[in-house]
Amino acid sequence: MATYEYNYNGKTYRRRFMNFNKFADEVNLYFISNPAKAEFGGNIWTTAKNHWIRSFFLMILLLTVILWFVMTFKFIQWSDLENMINSI
């Protein structure tokens, strides 16, 4: 475990990292919007903590479902749909 202390805009932050193989006196830490949640440079875009990545994959999933519905029901005519509803 490694604990690093850093300053940003006059505030001091501490961040602990578990399973960190390379202990150094100084490292480069990066953050997107919250300085208290700094990460190493290689992890900034791939971490599950990044809400933009999760939003991107959620949007892809949503668009896939919408496209499936459009392609599935595009070929069904309204009269067929009315017949299916009336048969229930």
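Throughout what follows, the structure given in this document is the object of discussion. These numbers were taken from a predicted model, which means no experiment stands behind them.

Another point: the overall build of the protein chain. Regarding its fold elements, the protein chain presents two helices and four strands. Tracing the protein chain from N to C terminus, the helices and strands come up as β-β-β-β-α-α. Scored against the burial criterion, the 88 residues of the protein chain give a buried share of 16%. Roughly 8,000 Å² of accessible area belongs to the protein chain as shown, and the carbon and sulfur atoms make up 60% of that amount.

Counted under the stated rule, the structure contains one salt bridge. The partner of Arg14 in a salt bridge is Glu5, and the shortest N-O contact between them spans 2.8 Å. With respect to class, Arg14 is no different from Glu5; both count as exposed.

So, on to the environment of Phe40. Here Phe40 lies in strand β4 (residues 39-40). Along the chain, Phe40 and Phe17 lie 23 residues apart, while their C-alpha atoms are 9.7 Å from each other.

This paragraph deals with the pairing of strand β2 (residues 11-17). Pairing geometry for strand β1 (residues 2-8) and β2, over seven bridges, is antiparallel. Within β2, the position partnered with Thr3 by the bridge is Arg16. Between β1 and β2, which follow one another and run antiparallel, lie two residues, and Asn9 among them has a positive phi close to 50°.

Each value, and the rule that gives it
- Numbers given to residues run from 1 along each chain, matching the order in which its sequence is written.
- Residue-level local features of this predicted model are given only where pLDDT is at least 70; pairs of side-chain atoms are given and counted only at 80 or more, and the full residue set underlies all totals for whole chains, interfaces and linings.
- Side-chain numbers here rest on the full set of heavy atoms in the structure, without hydrogens or water.
- Every helix listed is a DSSP run of H or I at least four residues long, and every strand listed is a run of E at least two residues long, numbered separately from the N terminus.
- Relative accessibility thresholds used throughout: buried, under 20% of the residue-type maximum; exposed, over 50%; partly exposed, between the two (1.4 Å probe, protein chains only).
- The Shrake-Rupley method, run with a 1.4 Å probe, gives the accessible areas here. Residue values count only the displayed protein chains as cover.
- Whenever a carboxyl oxygen of Asp or Glu lies within 4 Å of a side-chain nitrogen of Lys or Arg, that contact is scored as a salt bridge.
- Paired strands, as defined in this entry, are two strands with at least two bridges between them according to DSSP.

Nothing here speaks to function; it is geometry throughout.
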